[in-house]
Amino acid sequence: MSSPGFGILSFGAYLPRARLQRQAIAAANAWFAPGLRGLAKGERSTCNWDEDSLTMAVEAARDGLVGFDRDALAQLVLASTTHPFDDRCNAGVVANALQLKSALRTLDVTGSLRAGSSALMTALAASTGFGQTLVVAADARKSKAGSVQEMHYGDGAAALLVGEGEPIARLIGAHSETVDFVHQYRMHDKAHDYAWEERWVRDEGYLKIVPRAVAALLERRAVDPATIAHFCMPGTLSRIGAAVAKRCGLPDDAVRDNLAAVCGDTGAAHPLLMLAATLEVAKPGERILLAAFGEGCDALLFEVTPAIARATGRRGVHGALANRREDGNYMRYLSFNDLVDLERGMRAEPDKPTQMTVLYRNRDMIQGLVGGKCRKCGTVQYPRQRYCVNPECNALDSQDDYAFAERNGKIMSYTADALTYSPDPPTYFGMVQFDGGGRMLMDFSEIEAGKIDVGLPVRMVFRIKDTDPMRGFVRYFWKAVPA
Amino acid sequence: MATGIKDKVVILGMGCSKFGERWDANAQDLMVEAFEEALADAGIERKQIEAAWLGTAIEEQHLGKSAVPLAMTLRLPYIPVTRVENYCATGTEALRGAVYAVASGAADIALALGVEKLKDTGYGGLPQRGRGALNDLFWPNLSAPGSFAQLAAAYRAKHGADKGDLKRAMAHISVKSHDNGARNPKAHLRNKITEDDVMRAPMIAEPLGLYDCCGVSDGSACAIVCTPDIARGLGKKDLVAVKALQVAVSNGQEVQFDQWDGSYFATTRIAAERAYREAGITRPREQVSLVDVHDCFSVTELVTMEDLQLSPEGTAIRDVLDGFYDAEGRVPCQIDGGLKCFGHPIGASGLRMVYEMYLQLQGRAGQRQLKAPTWGVTHNLGGFPSQNVAAISVIGAYGA
């Protein structure tokens, strides 16, 4: 058991606003796969065209860091089975977006649905004096049209801040089982998962491996299973949580909702997402058992502390679930996920190379949305140029960094541009006037037709700006979304 | 304070190609078409031209870089030739080079030619192109109509204008320009349209529909300018002079400083003030006979009427709907059909506007000739409302 002053300090969550209606998936595919009709209930979260696991990770991290000093972070761990880059520190992009200091350890964790839970376990095993670690898990798994995975999966991210302080939950113990039980897999050059028969996965996988891990953990810590208040275990098999709980001797009412009906299974993020959702309702003294299955099992046991009462002011899982847009447009979903060869027109053709030299010199401006504030006249401006923009000032090199990312603004002008190419036309963009000064002509996202006008409050989000299929690169920037 | 260029330079001859979807023509053919007319009009030989300026904006689309394409195409005899590009104000920028050369005494006769071949892209609208390595990383993914549509939202917010009134005034602007363009044989679009056509057209960038947008065309226009003495020596009478040429370029205040409200063109206002001062115009609404403005989009024309001090701020909608800018109105606007009917071959447009002023002042505008115009103003704009180049010329009878 870790020291009383060490544990989970904060949590955050993010889900894309779009919730694809499973009925729409079934309606489109039941001619071929009539079995999908039986799964056609509820909705799943799905990335907008300008979102991926990395952008979702930034959002979850921002949520988890509300009220915390970002400079106190010693380590950022990013867990996902869908990192955009195989070779480029994905956590480093997140760190730049969050404007974390460069004296930082970063780690990309991948390779298993346990990536998130294992990353959390490792962070919690750190010795005191190490400093704070932000563990972020995000996944945006693609699946074939008409597949069961398409029904079950969701996209999302969760973040947990771990370290010394006043923890809202302390780790009581943890145990891992590593078993090369391949219930599904995806090799690095494949877009989609390949899964084995569900009945075997249930009987030989979940019902044998998870109870073994849970038993090992509880026995070592001499914890009576009946004292577990919350059991969090992702899993898309029917009623698998209840079945495993029963096998482990956990109370029936400890089984927490796996969020299947409202967002789907978010892969490596899901154990952390379920933990975050549970922390939002847990009471001091309650014990939370988290089990993550995947080529073995991670089991983590937490005890909630009185500090949980102060864990407010964030979006969290419930806030993320509430910020939703029902989406019945299955063709658009197919298009966003490269599942249909849509005719995009000649305007989609231009080459979009990114010069690494330019991106590097301007990384804080672009990836961090950092502008300037003039020391002489106080003018806030973006981008930060050598001369101050105020015509009464025009001072040279007079500006300090001024971060816009956490500042909100209002729309000053806008349009819905149907001519310029967008994966999701029309393109909304316009001028944003920031509260506290500064303005930007910028892209908007998450705008619904007819729900935009001058004066609309907006916040900044980190999103995909452009993709470069020729060189295999994605570049990111910030966009304005309704606040 | 500089004395300015008023009456230092006159127009010796001008030419303008037929604008349109010139599937038959390369940029070089369009250049020759405009040049031949200008040369014949001027009554000189090409060897008398001492300096030349080429205006073309999207060189990657057709001509390539440098002034060499102009010298090669026109077989200019090893004279100084300069290529200029300044967004969609490129045409006026080319004219400014030639006019300044003559005004300075560096050349007696100079040529300005603007050309653009837009219809080789395979799609409608302007060709897409990069905006610079750093800009591409953060500029919004915008089209020209999208950027100008911003004006409508900001103008509405500032003046409390009703969405429907604004859209109707914008429609009136397009209907009026089509009425005019139908009478111009060199215009691309020569069909009349109705307010209903405009209101019901497909949306391009809210609230700009298809008929709120100017055409996309190929074209070229050319001016040969000289000193008044040279023109008189060539036996020219009723000389048309350049009274003013002013350019104002955004320095980032609109897009980065918190004062501009998005509803007008800061550059146009400043360039217009300077141009009126240079020309000696003190009451534009009463003195200006006609204007040809950069009506890339109907809303641009609307706000420009205020920026040029023709309509008091906040009253352009009323003036437009009252017919103040119609062919029979007090200050006819786009009497040649404007960008709306000529389309906007970028490098050519500014010179095409001056071409109409020149014809009108000489009484050679055919069916669309206005009665005894004295001051013509052209307004050529490039870029986006928040970041642009405004170029204004005042053209009038020499000595007036």
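Residues numbered from 1 in each chain as written. Chains lettered and ligands numbered in written order. Predicted model: local features only at pLDDT ≥ 70, side-chain atom pairs only at ≥ 80, totals over all residues.

**Quick word on the overall build of chain A**
Along the backbone of chain A there are 12 helices and 22 strands. Against the compact-globule benchmark of 23 Å for 483 residues, chain A has a radius of gyration of 23 Å, which places it among compact chains. If one aligns the C-alpha atoms of chain A with their principal axes, the spans along those axes are about 75 × 60 × 35 Å. If you take every contact in chain A between residues at least 6 apart in sequence, the share linking residues at least 24 apart comes to 73%. (Helix = DSSP H or I, 4+ residues; strand = E, 2+ residues; numbered from the N terminus. Rg over C-alpha atoms; globule rule 2.2 N^0.38 Å. Contact = placed C-beta atoms within 7 Å.)

**Describing the domain arrangement of chain A**
Often, the extent of an interface is quoted as the loss of accessible area upon association of its parts. All names here are of chain A. Its domain assignment divides chain A into domain 1 (8-184 + 195-336) and domain 2 (407-482). Each of domain 1 and domain 2 has a C-alpha centre, and the two are 29 Å apart. On the side of domain 2, 11 residues touch domain 1, which itself brings 15 residues to the contact. With three residues, the top contributor of residues to the side of domain 1 that touches domain 2 is helix 2 (residues 53-64). Residue composition of the side of domain 1 that touches domain 2, by class: six nonpolar, three polar and six charged. (Domains from an automatic or database assignment. Nonpolar A, V, L, I, M, F, W, Y, C, P; charged D, E, K, R; others polar.)

**Focus on the packing of helix 5 (residues 144-159) of chain B against helix 12 (residues 298-307) of chain B**
Residue and element names in this part refer to chain B. Helix 12 packs onto helix 5 with a crossing angle of 55° between their chain directions and a minimal axis gap of 8 Å. In terms of orientation, helix 5 and helix 12 fall into the oblique class. Of the two elements, helix 5 crosses helix 12, and the hand of that crossing is left-handed. Across from Phe 148, Leu 151, Ala 152 and Tyr 155 in helix 5, the residues of helix 12 making contact are Val 299, Thr 300 and Val 303. (Axes fitted to C-alpha atoms, helices over the stretch in contact; angles between N-to-C directions. Parallel < 35°, antiparallel > 145°, perpendicular 65-115°, else oblique. Left-handed = near helix turned anticlockwise from the far one by under 90°.)

**Looking at the sheet that holds strand 16 (residues 380-381) of chain A**
All names here are of chain A. Spatially, the three strands line up as an open sheet ordered 16-15-17, and their pairing is antiparallel. Each end of this open sheet is capped by a strand with a single partner; those strands are strand 16 and strand 17 (399-403). Pairing geometry for strand 15 (residues 370-374) and strand 16, over two bridges, is antiparallel. The residue of strand 16 that forms the bridge with Gly 372 is Gln 381. (Pairing = 2+ DSSP bridges.)

**Examining the packing of helix 2 of chain A against helix 3 (residues 90-97) of chain A**
The geometry of a pair of packed helices is captured by two quantities: the angle between their axes and the separation between those axes. Residue and element names in this part refer to chain A. At a closest axis distance of 10 Å, the pairing of helix 2 and helix 3 adopts a crossing angle of 45°. As summarised for this structure, helix 2 and helix 3 are arranged oblique, according to the angle between their axes. Here the hand of the crossing between helix 2 and helix 3 comes out right-handed. Contact residues: Leu 54, Ala 57, Val 58 and Ala 61 in helix 2; Asn 90, Val 93, Val 94 and Ala 97 in helix 3. Within the contact of helix 2 with helix 3, the residues separate by chemical class into seven nonpolar, one polar and no charged.

**Some remarks on the interface of chain A and chain B**
Facing 38 residues of chain A, the contacting portion of chain B comprises 31 residues. Taken together, the elements giving at least two residues each to the side of chain A that touches chain B come down to helix 11 (356-361), strand 18 (409-417), strand 19 (427-434), strand 20 (439-443) and strand 22 (473-482) of chain A. With six residues, the top contributor of residues to the side of chain A that touches chain B is strand 18 of chain A. Its residues assigned to classes, the side of chain A that touches chain B shows 19 nonpolar, 14 polar and five charged.

**A look at the domain arrangement of chain B**
Residue and element names in this part refer to chain B. Considered domain by domain, chain B is made up of domain 1 (10-119 + 218-233) and domain 2 (142-210 + 239-397). A separation of 24 Å is found between the C-alpha centroids of domain 1 and domain 2. Listed per partner, the contact involves 36 residues of domain 1 and 34 residues of domain 2. Broken down by secondary-structure element, the contributors of at least two residues to the side of domain 1 that touches domain 2 are strand 1 (10-16), helix 3 (90-104), strand 4 (109-116), strand 7 (219-226) and helix 8 (228-233). Counting residues per element, the side of domain 1 that touches domain 2 draws most heavily on helix 3, at eight residues. Class assignment of the residues belonging to the side of domain 1 that touches domain 2 gives a composition of 21 nonpolar, 10 polar and five charged.

**Details of helix 8 (residues 270-279) of chain A**
Judged by how many residues are buried, helix 8 of chain A sits mostly within the fold: 10 of 10 residues are covered. His 270, Pro 271, Leu 272, Leu 273, Met 274, Leu 275, Ala 276, Ala 277, Thr 278 and Leu 279 of chain A are the residues of helix 8 of chain A that are buried. (Buried ≥ 20, exposed ≤ 12 C-beta atoms within 10 Å, placed from the backbone.)

**Description of the nonpolar core**
If you look at the biggest cluster of nonpolar residues, it comprises 276 residues, and the most contacted ones within it are Val 94 and Val 136 of chain A together with Ala 98 of chain B. If one sorts the elements of this core by residue count, helix 15 (residues 346-362) of chain B sits on top with 10 residues. Look past the residues within four positions of Ala 98 of chain B in its chain and what remains in contact with it is Ala 51, Trp 53, Ala 110, Leu 111, Ala 112, Ala 223 and Val 225 of chain B. One finds Ala 18, Leu 20, Ile 25 and Tyr 330 of chain A within the second-largest nonpolar core, a separate group that totals nine residues. (Core = buried A, V, L, I, M, F, W, Y, C linked by C-beta atoms within 7 Å.)

**With respect to the sheet that holds strand 14 (residues 325-327) of chain A**
Residue and element names in this part refer to chain A. Read from one edge of the open sheet, three strands run 3-2-14, paired in mixed fashion. Bordering the open sheet on either side are strand 3 (43-45) and strand 14, each of which pairs with just one other strand. On average, each strand axis in the sheet is tilted by 35° relative to the strand beside it, whichever way the strands run. Pairing geometry for strand 2 (residues 18-21) and strand 3, over three bridges, is antiparallel. Following the sheet pairing, Arg 19 is matched in strand 3 by Ser 45. Packed onto the sheet, helix 1 (residues 22-29) meets strand 2 and strand 3 and runs at close to 40° relative to strand 2.

**Some points on the environment of Ala 191 of chain A**
Residues and elements named next belong to chain A. On the secondary structure map, Ala 191 appears in the loop between strand 9 (184-185) and strand 10 (194-195). Among the residues examined, Ala 191 registers 12 C-beta atoms within 10 Å and is labelled exposed. Between the C-alpha atoms of Ala 191 and Ser 143, which are 48 residues apart in sequence, the distance is 7.4 Å.

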